[in-house]
Amino acid sequence: MRFQYLNYLSKLGFFGYAYLVQIFPRTDLNNLSLSIPFVINLGKIVSPEEFYGFKPGTDRKLIRWDKIMEYFWLLDGSSDRIKVEEVGTSTEGNPMLLTYISSPENLGNLDGIREMSWSIAHPEDLDEAEVERIISEGKSVVAMTMSIHASEVGGTQVASDFAYRLLTEEDELTKKIRDNVLLLLFPCANPDGQIMTVDWYRKNLGTEFEGCGLPWLYHKYTGHDNNRDALTLTQVETQIMNKVILKDWFPQAYIDHHQMVRHHNV
Ligand SMILES: [Zn+2]
């Protein structure tokens, strides 16, 4: 609820906030537990650095999935270039988020773009004119999933900054990407493992065990083989992502972000 309330507030902008200050007694506002960065940044898109208090990727700092979700919901309420959806929950009940990033026009035509993406991937019944129409009117659909192997932390850690840059940068290349590409981004492909990994890392930070691997599986049933589950679809996380990527959208490109690290440690 708190996320939704903050999203609502961020949509109001400065004047909306000023209005709220007038209609709420001061004590009530204090009870909203709004932090200072939220208040001073209402009406603009808060950067990851401002939100987390450090730049994602900073040495010895890992951001936990619940905080990353909070940031994505904030983006959802701050920009018309992103749409965030909770598309299910993980094995241990943590939300799975799917974010769409593109121009506002494209985000307003998700059904049309999805239909064209699916059709061009299954062109058996299309005549040449229809193929040409889809190529000229359609958008490139790109799917990305982050950190299915939870100890390969980079993908999920960088997701906030990646999204922020796509939403806010105004150089020609980024504008061209927003106009021509619809990004389907799963910022975290394995929320349970992400949380375990971050908690374990923080628990051992500054001790002689800092950086050692998890002593248990970071997916309740499949551990490191959760990506092999793409073959058999036995786990809810795989089922959710496969439904979006292969049943609903069939994107033109799909990148599953892994990470090469020594001994698979953080
Ligand atoms: Zn991997």
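Bear in mind that the values here come from a model prediction, so they are computed numbers and not experimental data. (Residues numbered from 1 in each chain as written. Predicted model: local features only at pLDDT ≥ 70, side-chain atom pairs only at ≥ 80, totals over all residues.)

(A) Region of interest: the overall build of the protein. Secondary structure summary: the protein contains 12 helices and five strands in total. For the protein, restricting intrachain contacts to residue pairs at least 6 apart in sequence, the fraction spanning at least 24 positions comes to 72%. (Helix = DSSP H or I, 4+ residues; strand = E, 2+ residues; numbered from the N terminus. Contact = placed C-beta atoms within 7 Å.)

(B) Highlighting the sheet that holds strand β1 (residues 82–89). Spatially, the five strands line up as an open sheet ordered β1-β2-β4-β3-β5, and their pairing is mixed. Edge positions in the sheet fall to β1 and β5 (253–257), since each has one partner strand and no second. In this sheet, neighbouring strand axes are inclined to one another by 15 degrees on average, regardless of whether the strands run parallel or antiparallel. Bridge analysis of β1 against strand β2 (residues 95–101) gives seven bridges, and the strand direction is antiparallel. For Thr89, the partnering residue across the bridge sits in β2 and is Pro95. (Pairing = 2+ DSSP bridges. Axes fitted to C-alpha atoms, helices over the stretch in contact; angles between N-to-C directions.)

(C) Spatial organisation of the packing of helix α5 (residues 65–78) against helix α9 (residues 154–168). At their nearest, the axes of α5 and α9 sit 10 Å apart, and the two run at 10 degrees to each other. By the angle class used here, α5 and α9 are roughly parallel. Residues Ile68, Tyr71 and Leu75 of α5 form the contact with α9, whose participating residues are Thr156, Ala159, Ser160, Ala163 and Leu167. Of the residues contributing to the contact of α5 with α9, the split by class is six nonpolar, two polar and no charged. (Parallel < 35°, antiparallel > 145°, perpendicular 65-115°, else oblique. Nonpolar A, V, L, I, M, F, W, Y, C, P; charged D, E, K, R; others polar.)

(D) Examining the nonpolar core more closely. With 45 residues, the main nonpolar core has Ile68, Ala163, Leu184, Leu185 and Phe186 as its most contacted residues. Excluding residues that lie within four positions of it along the chain, Phe186 makes contacts with Leu98, Met144, Thr145, Met146 and Met241. (Core = buried A, V, L, I, M, F, W, Y, C linked by C-beta atoms within 7 Å. Buried ≥ 20, exposed ≤ 12 C-beta atoms within 10 Å, placed from the backbone.)

(E) Geometry of helix α11 (residues 191–204). Helix length check: α11, at 14 residues, gives a terminal C-alpha distance of 20 Å against a target of 20 Å (1.5 Å per residue), a fit within 8%. Of the residues making up α11, those classed as buried are Pro191, Asp192, Gly193, Gln194, Met196, Thr197, Val198, Trp200 and Tyr201. The inward-facing, buried residues of α11 abut α5, β2 and α9. (Expected span 1.5 Å × (residues − 1).)

(F) Local environment of the confidence of the model for the protein. In this model, the protein carries an average pLDDT of 86, and 82% of its residues clear a pLDDT of 70 or more. Residue range residues 1–42 is modelled with pLDDT below 50. Its contacts to residues more than four positions away, or to other chains, number 32 contacts. (pLDDT = per-residue confidence, 0-100.)

(G) Here's a closer look at the pairing of strand β4 (residues 181–186). Buried residues dominate β4, accounting for five of its six residues. With three bridges connecting them, β2 and β4 associate as antiparallel partners. Counted as the bridge partner of Thr99 is Leu185 from β4. Where strand β3 (residues 140–146) and β4 come together, six bridges link them in parallel fashion. Looking at the pairing, Thr145 lines up with Phe186 of β4.

(H) Quick look at the environment of Gly138. Tracing the sequence through the fold places Gly138 in the loop between α8 (128–137) and β3. You can call Gly138 partly exposed: it has 18 C-beta atoms within 10 Å. Here the alpha-carbon distance between Gly138 and Glu115, two residues 23 residues apart in the chain, equals 9.2 Å. Ignoring sequence-local partners within four residues, the contact set of Gly138 consists of Ile113, Met116, Ser117 and Ile120.

(I) Region of interest: unusual backbone geometry. Phi at Ser147 takes a positive value of approximately 55 degrees, unusual for a residue other than glycine. Its place among the elements puts Ser147 in the loop between β3 and α9. Exposure remark for Ser147: the 28 C-beta atoms within 10 Å place this residue in the buried category. Not every positive phi belongs to a glycine, and Phe250 is a case in point at roughly 45 degrees. If you trace the backbone, Phe250 turns up in the loop between α12 (236–249) and β5. What makes Phe250 partly exposed here is the crowd of 17 C-beta atoms within 10 Å.

(J) Examining the environment of Val158 more closely. Secondary-structure assignment places Val158 in helix α9. For the pair formed by Val158 and Pro187, sequence separation is 29 residues and the distance between their alpha carbons is 8.7 Å. When neighbours within four sequence positions are excluded, Val158 is seen to be in contact with Pro56 and Gly57.

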